[in-house]
Amino acid sequence: CISPPSDTIFATKRTAPPKPVLSTEGIVTICGGGPGFFVSSSPAAGYLWSTGEVTQSIIVSSGGSYSVTVYNAAGCFENSLPVNVTVFTNPATPTITPLSTTICQGATTTLSASTANAYLWSTGETSQNIVTGTAGSYTVTVYDINNCSATSLASTVSVNPLLTWYADNDGD
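Residues numbered from 1 in each chain as written. Predicted model: local features only at pLDDT ≥ 70, side-chain atom pairs only at ≥ 80, totals over all residues. Heavy atoms only, no water.

Caption draft 1: Structural view of the overall build of the protein. Each helix and strand counted, the protein has zero helices and 17 strands in total. Looking at the protein as a whole, 26% of its 172 residues are labelled buried. Considering only intrachain contacts with a sequence separation of at least 6, the fraction spanning at least 24 residues in the protein is 46%. When the accessible surface of the protein is totalled, it reaches about 11,200 Å², and 56% of it is carbon and sulfur. (Helix = DSSP H or I, 4+ residues; strand = E, 2+ residues; numbered from the N terminus. Buried < 20%, exposed > 50% of the residue type's maximum accessible area, 1.4 Å probe, protein only. Contact = heavy atoms within 4.5 Å. Areas by Shrake-Rupley, 256 points an atom, 1.4 Å probe, with all protein chains shown as cover.)

Caption draft 2: Representation of the sheet that holds strand 3 (residues 46-49) in the model. Spatially, 3-6-7 is the arrangement adopted by the three strands of the open sheet, whose pairing is antiparallel. Two strands close off the open sheet at either side, each with one partner strand: strand 3 and strand 7 (77-79). Strand-to-strand twist across the sheet, computed as the mean angle between neighbouring axes with direction ignored, equals 20°. In this sheet, strand 7 lies alongside strand 6 (residues 68-71) in antiparallel orientation, the contact comprising three bridges. Along strand 7, the bridge assignment pairs Val70 with Glu78. (Pairing = 2+ DSSP bridges. Axes fitted to C-alpha atoms, helices over the stretch in contact; angles between N-to-C directions.)

Caption draft 3: Fine view of the sheet that holds strand 11 (residues 109-113). With antiparallel pairing, three strands are arranged side by side in an open sheet as 9-11-13. Each edge of the sheet is formed by a strand with only one pairing partner; in this case those strands are strand 9 (96-97) and strand 13 (129-132). Bridging between strand 9 and strand 11 involves two bridges; their strand directions are antiparallel. Opposite Ile96, over in strand 11, you have Ala113 as the bridge partner.

Caption draft 4: Here's a closer look at the state of the cysteines. Under the criterion given, the structure shown has one disulfide. Between Cys31 and Cys148 runs a disulfide, and the two sulfur atoms are separated by 2.0 Å. For the disulfide bridge between Cys31 and Cys148, the dihedral angle about the S-S bond is near -95°, and by the sign convention the bridge is left-handed. Taken together, the positions of Cys31 in strand 1 (residues 26-31) and Cys148 in the loop between strand 15 (140-143) and strand 16 (149-151) put the pair 117 residues apart, joining distant regions of the chain. On the accessibility criterion, Cys31 (27% relative accessible area) is partly exposed. According to the relative accessible area criterion, Cys148 is buried, its value standing at 0%. (Disulfide = S-S within 2.5 Å.)

Caption draft 5: Representation of unusual backbone geometry within the structure. Residues Thr97 and Pro98 are joined by a peptide bond in cis, for which omega reads -5°. At Asn147, a position not held by glycine, the phi torsion is positive, near 70°. Relative to the helices and strands, Asn147 is located in the loop between strand 15 and strand 16. When its relative accessible area of 57% is taken as the criterion, Asn147 is described as exposed.

Caption draft 6: Broad picture of the environment of Ile58. With respect to the helices and strands, Ile58 occurs in strand 4 (residues 57-60). Each C-alpha atom of the pair Ile58 and Val39 lies 5.5 Å from the other, and the pair is 19 residues apart in sequence. In this view, Ile58 contacts Phe37, Phe38, Val39, Trp49, Thr51, Glu53 and Tyr66; residues no more than four positions away in its chain are not counted.

Caption draft 7: The environment of Thr51, seen in detail. Along the chain, the position of Thr51 falls in the loop between strand 3 and strand 4. Sequence separation of Thr51 and Ser67 is 16 residues, and the distance between their C-alpha atoms is 8.3 Å. If sequence neighbours within four positions are ignored, Thr51 has contacts with Ile58 and Tyr66. A polar atom in the side chain of Thr51 sits 3.1 Å from the side chain of Glu53. (Polar contact = N/O pair within 3.5 Å; in protein donor to acceptor, adjacent residues only side chain to side chain.)

Here is the structure:
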């Protein structure tokens, strides 16, 4: 018995691209209202992010899990590990008391910020209250436990010079 001729079968082994490495992996936290968080993948022939984007990099500004599938020229693919993003709300805009004050030369005034986890004044001081005798505008940036921040409106301190009175010989 003779077998009929058969078609030749060729097998080509295609290899998957390397597992993509994201610029950040694991858990990421960002503060609301910010510019977002940049995530990029290692180079590949093609990209498909969990957001539907097909670029090498994406900007993330909302919470969720983000990953990318990369493709090589042979059409094989590999998935990245996810980046889990949590977005925290910024603290309320702090207030400074008093918002505006005038003092006499040589005197001081205390500026107080609303309650927060940490403080950074425009003077570089890091307490809730600062004492100043210098004219100018003062702001405070407050930080919450997630290291999110908000900056106050400026408080203005004015300094009046001391008046000097001269008595003349005629008593007036």
